[in-house]
Amino acid sequence: MTDCPDGAVRDLLPELVNDRLAPDVRRRVDAHVRDCADCQQEVELLRALRASLRRVSVMDVGTIVSAIPAYRAPRRSWGGWRAAAAIMLLAVGGTSVAVLQRENTAARDGGVSAVAPSGRGTSPIAQPSRAPTLPAIQHPAPELALGNPAIDELNDRELATLLAELETLEAFPSPDEDRSADLVVPSPAGTD
Amino acid sequence: MTDVADRADSRADQGTDDELIRRWKSGEQRAATLLVGRHADSVARFVTSLGVRDDVEDVVQDTFVRAFASIDGFRGESRLRTWLFTIARRLVLDARRSERWRGEQVEVQDGDARTDFDPLDAMVADEAERRMHGAVARLTPTQRQVFGLRVGEGMSYREIADAVGTTEGAARVHYHNAMRAIKELLDD
Ligand SMILES: [Zn+2]
């Protein structure tokens, strides 16, 4: 079997047999292949190889899907908790420590324990352990935040900026840091 | 899954990958089923081309769990399938590093290691097909990965480079070397 001297066309034959060429390119390649015995042979071989390569395995879709956790929007659940807490820090400013102390006392006295936000996932990947380091802060946060109209009106972007600024102060621990490092998968476009 | 099913599934009937992702994020679990059904076999073939034999299903499942858990990290700059391949590849490499999948370390490096016998050979009855399978099995691991993505999936060199962690130019060279080797083996 000899190789077609038109290297550019030959290079496109795998995409031709996989039906992945743009219509105009496809017309051009088809026209060439019609008159080229070398390419016809290669297309035939590629079709056979493709069938051979694709013979492997049939996956059980149901099993895979059952392991996939439900979607959790980044800001609604975990991020939302941090946003609320961040707002509280801004809203009450210097009094936050007092609030925190009072809440801790209340929790101790009333036997109320703060509940950590929990992942809904079923897999170990989606359900990492993440105990917030400031559990008492999340309970009073919503009321305080709602009580401040100026902060109520912040949109998501402004909240994100606010959070970013707070992060730089290191006044707020980031219990999910480990997890984010674990979960971030780089976009292929960012490689090379 | 056959080609026809592959194509019938995609775009026209059920929506694009991006649409299905949006639907899944808004709570439609069936969208995940469609996405997994659309890509699972391709991911399985890719994982197999990485030299994984016994734990293909586990790797494929982990790939989807990981992908869906970090779906907001998928920015749509590449095809979803390419992104899934990059996740699968990373899982396999990580697993090899931690030796969770034992006995697969042989093919981590693309040195002189070649597979002289592929267990799938024995399952392939047809003589012509058996020869083709044998020819592919004799490629170097990287050649086999690139060749599988190019011929089996029809991916562009850019997509292949992203999936296997190489450059576009290197992917092209690997493909043509693989094709030449296969022709020589089949002409013998
Ligand atoms: Zn030609």
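From a predicted model like this one, the values you see are computed outputs, not experimental measurements.

Colleague: How should I be thinking about the overall build of chain A in this particular structure?
Modeller: Secondary structure summary: chain A contains ten helices and zero strands in total. Counting helices and strands in the order they occur from the N terminus, chain A gives α-α-α-α-α-α-α-α-α-α. Looking at chain A as a whole, 39% of its 192 residues are labelled buried. Pairs at least 24 residues apart make up 70% of the contacts formed inside chain A by residues separated by at least 6 positions.

Colleague: Would you explain the environment of B:Lys25 in this entry?
Modeller: Locating B:Lys25 in the fold gives a position in helix α2 (residues 17–25). Residue classification places B:Lys25 among the partly exposed positions, given a relative accessible area of 32%. Spatially, the C-alpha atoms of B:Lys25 and B:Asp72 are 9.6 Å apart, while their sequence positions differ by 47 residues. Once residues lying within four places of it in the same chain are set aside, the contact partners of B:Lys25 are A:Tyr71, B:Ile71 and B:Asp72.

Colleague: Whenever I open this one, helix α3 (residues 37–53) of chain A confuses me. Can you help?
Modeller: Side chains three or four residues apart in an α-helix point the same way, a direct result of the helix having 3.6 residues per turn. Taking 1.5 Å per residue as the helical rise, α3(A) with its 17 residues ought to reach 24 Å, and the 24 Å between its terminal C-alpha atoms agrees with that figure. All of the buried residues in α3(A) are A:Cys39, A:Glu42, A:Val43, A:Leu45, A:Leu46, A:Leu49, A:Arg50, A:Ser52 and A:Leu53.

Colleague: Can you help me understand the packing of aromatic side chains in this one?
Modeller: Describing an aromatic ring pair means giving the distance of the ring centres and the angle of the ring planes. Within the structure shown, the criterion is met by seven aromatic pairs over all chains. Taking 5.5 Å as the distance between ring centres and 65° as the angle between the ring planes, the aromatic pair formed by A:Tyr71 and B:Trp24 counts as edge-to-face. Of the two residues, A:Tyr71 sits in the loop between α4 (61–66) and α5 (78–92) while B:Trp24 sits in helix α2, which places them in two different chains. Per residue, the accessibility class of A:Tyr71 equals that of B:Trp24, and both read buried. Centroid distance B:Phe46 to B:Phe85: 4.6 Å. Interplanar angle 20°. Geometry classified as stacked. Here B:Phe46, found in helix α3 (residues 29–49), pairs with B:Phe85, found in helix α5 (residues 80–98); they are 39 residues apart in sequence, far enough to count as distant. Across the pair, exposure class does not vary: B:Phe46 and B:Phe85 are buried alike. Taken together, the aromatic side chains of A:Tyr71, B:Trp24, B:Phe64 and B:Phe68 make up a single cluster linked through ring pairs. If you follow B:Arg150 out to its NZ or CZ, it ends over the ring of B:Tyr157, 4.1 Å from the centre.

Colleague: Any chance you could explain the environment of B:Gln143 here in plain terms?
Modeller: All names here are of chain B. Relative to the helices and strands, glutamine 143 is located in helix α8 (residues 141–152). Expressed as a C-alpha distance, the spacing of glutamine 143 and asparagine 177, which sit 34 residues apart in the sequence, is 7.5 Å. Leave out the neighbours within four places in its chain, and glutamine 143 touches His174, Asn177 and Ala178.

Colleague: How should the nonpolar core be read in this particular structure?
Modeller: Note on soluble globular proteins: their nonpolar side chains tend to be buried together. In this structure, A:Leu13, A:Val29, B:Val60, B:Phe64 and B:Phe147 are the most contacted members of the largest nonpolar core, which totals 74 residues. Of all the elements, α3(B) adds the most residues to this core, at ten residues. Of the domains in this structure, domain 1 (13–106) and domain 2 (113–188) of chain B are the two that each give at least three residues to this core. Aside from chain neighbours lying at most four places away, what touches A:Val29 is A:Val9, A:Leu12, A:Leu13, A:Leu16 and A:Leu21.

Colleague: How should I be thinking about the pattern of salt bridges in this particular structure?
Modeller: Any two side chains of opposite charge can pair, on the condition that their charged atoms come close. For the structure shown, the criterion picks out 21 salt bridges over all chains. The salt bridge partner of B:Arg158 is B:Asp162, with a shortest N-O separation of 3.0 Å. Here B:Arg158 and its partner B:Asp162 are both found in helix α9 (residues 157–164), four residues apart, which amounts to about one turn of the helix. Residue B:Arg158 is classed as partly exposed on the basis of its relative accessible area of 32%. Where salt bridges share partners, they join A:Asp3, A:Arg10, A:Glu42 and B:Lys183 into one cluster.

Colleague: Would you mind showing me how to read the confidence of the model for chain A here?
Modeller: Low-pLDDT portions of the prediction should not be read for the details of their coordinates. All names here are of chain A. On average, residues of chain A score 63 in pLDDT, and 38% of them reach the 70 mark or higher. The spread of mean pLDDT over the elements of chain A runs between helix α7 (residues 141–146), the lowest at 39, and helix α2 (residues 23–34), the highest at 97. The model gives residues 94–101 a pLDDT under 50, and that stretch makes seven contacts with residues more than four places away or in other chains. In this model residues 165–186 is a low-confidence stretch, pLDDT under 50, and it forms 38 contacts with partners more than four residues away in sequence or in other chains.

Colleague: What am I meant to see in α2(B) here?
Modeller: All names here are of chain B. Within the sequence span of α2, burial applies to Asp17, Leu20, Ile21 and Trp24. For α2, the angular spread of buried residues about the axis comes to 105°, placing them on one side. Those residues of α2 that are buried are in contact with α3, α4 (56–69) and α5.

Colleague: Could you clarify how one ought to interpret the side chain of B:Glu159 in this entry?
Modeller: Within the secondary structure, B:Glu159 is located in helix α9. One polar contact links B:Glu159 to B:Arg79, side chain to side chain, over a distance of 3.1 Å. Residues within four places of B:Glu159 in sequence aside, it is in contact with A:Arg20, B:Arg79 and B:Thr82.

Each value, and the rule that gives it
- Throughout, a residue's number is its position along its own chain's written sequence, starting from 1.
- In the order they appear in the text, chains get letters beginning with A and ligands get numbers beginning with 1.
- The predicted origin of the model limits local features to residues at a pLDDT of at least 70 and limits the giving and counting of side-chain atom pairs to 80 or more, whereas totals for whole chains, interfaces and linings rest on all residues.
- Only heavy atoms go into the side-chain values, all of them from the structure, while hydrogens and water stay out.
- A run of DSSP states H or I qualifies as a helix once it reaches four residues; a run of E qualifies as a strand once it reaches two. Both are numbered from the N-terminal end.
- Each residue's exposure class comes from its accessible area (1.4 Å probe, protein chains only) as a fraction of the maximum for that residue type: buried when under 20%, exposed when over 50%, partly exposed otherwise.
- Whether two residues touch is decided by their heavy atoms; if any such pair falls within 4.5 Å, the residues are in contact.
- Multiply 1.5 Å by the residue count of a helix minus one, and that product is the helix's expected span.
- Each Phe, Tyr or Trp ring (for Trp, its six-membered ring) is paired with any other whose centre lies within 6.5 Å, and the angle between the two planes then decides the class: stacked below 30 degrees, edge-to-face above 60, tilted in between.
- Lysine NZ or arginine CZ positioned within 6 Å of the ring centre and within 35 degrees of the ring normal marks a charge as sitting over the ring.
- By nonpolar core we mean a set of buried residues, namely Ala, Val, Leu, Ile, Met, Phe, Trp, Tyr and Cys, connected to one another through side-chain atoms within 4.5 Å.
- Domain extents, as shown, originate in an automatic or database domain assignment.
- Salt-bridge detection follows one rule: a side-chain nitrogen of Lys or Arg within 4 Å of a carboxyl oxygen of Asp or Glu.
- Every residue carries a pLDDT, the predictor's confidence in it, which falls somewhere between 0 and 100.
- Starting at the helix axis, one direction is taken to each C-beta atom, and the arc is that of these directions.
- Residues adjacent in sequence count toward polar contacts only when both atoms are side-chain atoms; beyond that, a polar contact is any pair of N or O atoms within 3.5 Å, and within protein one must be able to donate a hydrogen and the other to accept it.

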